[in-house]
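Chain and residue survey
The chain contents come next:
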Amino acid sequence: MTKNECEKIGYIFSIFVSGEMNSKDLMSKIFDLDSRIKDDFEAFGDCRERDAAINRRYADLMTNHLGPDWAIKKACTSELS
């Protein structure tokens, strides 16, 4: 990252922190710095969404298999092992 890029980022964040810019505008300004940032942001967002869906599915399966207190049962069993 160049000195100029660092200064641009610092300036953008200073405007955001002062309240003169909303989060949507912040994202737009950051994405304008390098097109790869938006691609990575979207890819990481997709991964987080999939992880959340997997966790919800796991919780549903465990609830169906062991009941609503499955997390407590699992924690107690793990501690005793």
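Heads up: the structure comes first, above all this text.
Worth saying up front: this structure is predicted, and the values here are computed from it rather than measured.

Under the counting rule described, the total for this entry stands at two salt bridges. Among the salt bridges present, the one from Lys 3 reaches Glu 7, with a minimum N-O distance of 2.8 Å. Of this pair, Lys 3 and Glu 7 both sit in helix α1 (residues 3-17), four residues apart, which is roughly one turn of the helix. Judged by relative accessible area, Lys 3 falls into the exposed class, the value being 63%. Classification of Glu 7 by relative accessible area gives partly exposed; the value is 44%. Salt-bridge contacts for Arg 36 lead to Asp 34; the nearest nitrogen and oxygen are separated by 2.4 Å.

Closest axis-to-axis distance for the α1/helix α2 (residues 23-33) pair is 10 Å, and the angle between their directions is 175°. One way to sum up the angle between α1 and α2 is to call them roughly antiparallel. Contacts between α1 and α2 involve Lys 8, Ile 9, Ile 12, Phe 13 and Phe 16 on the former and, on the latter, Ser 23, Leu 26, Lys 29, Ile 30 and Leu 33. Residue composition of the contact of α1 with α2, grouped by class: seven nonpolar, one polar and two charged.

Once that is clear, we can look at the nonpolar core. Listed in full, the five residues of the largest apolar core are Ile 12, Ile 15, Met 21, Leu 26 and Ile 30. Counting only elements with at least two residues in this core, the list comes to α1 and α2. Setting aside residues up to four positions removed in sequence, Ile 12 forms contacts with Met 21, Leu 26, Lys 29, Ile 30 and Leu 33.

The rules behind these values
- Residues numbered from 1 in each chain as written.
- Predicted model: local features only at pLDDT ≥ 70, side-chain atom pairs only at ≥ 80, totals over all residues.
- Heavy atoms only, no water.
- Salt bridge = Lys/Arg side-chain N within 4 Å of Asp/Glu carboxyl O.
- Helix = DSSP H or I, 4+ residues; strand = E, 2+ residues; numbered from the N terminus.
- Buried < 20%, exposed > 50% of the residue type's maximum accessible area, 1.4 Å probe, protein only.
- Axes fitted to C-alpha atoms, helices over the stretch in contact; angles between N-to-C directions.
- Parallel < 35°, antiparallel > 145°, perpendicular 65-115°, else oblique.
- Contact = heavy atoms within 4.5 Å.
- Nonpolar A, V, L, I, M, F, W, Y, C, P; charged D, E, K, R; others polar.
- Core = buried A, V, L, I, M, F, W, Y, C linked by side-chain atoms within 4.5 Å.

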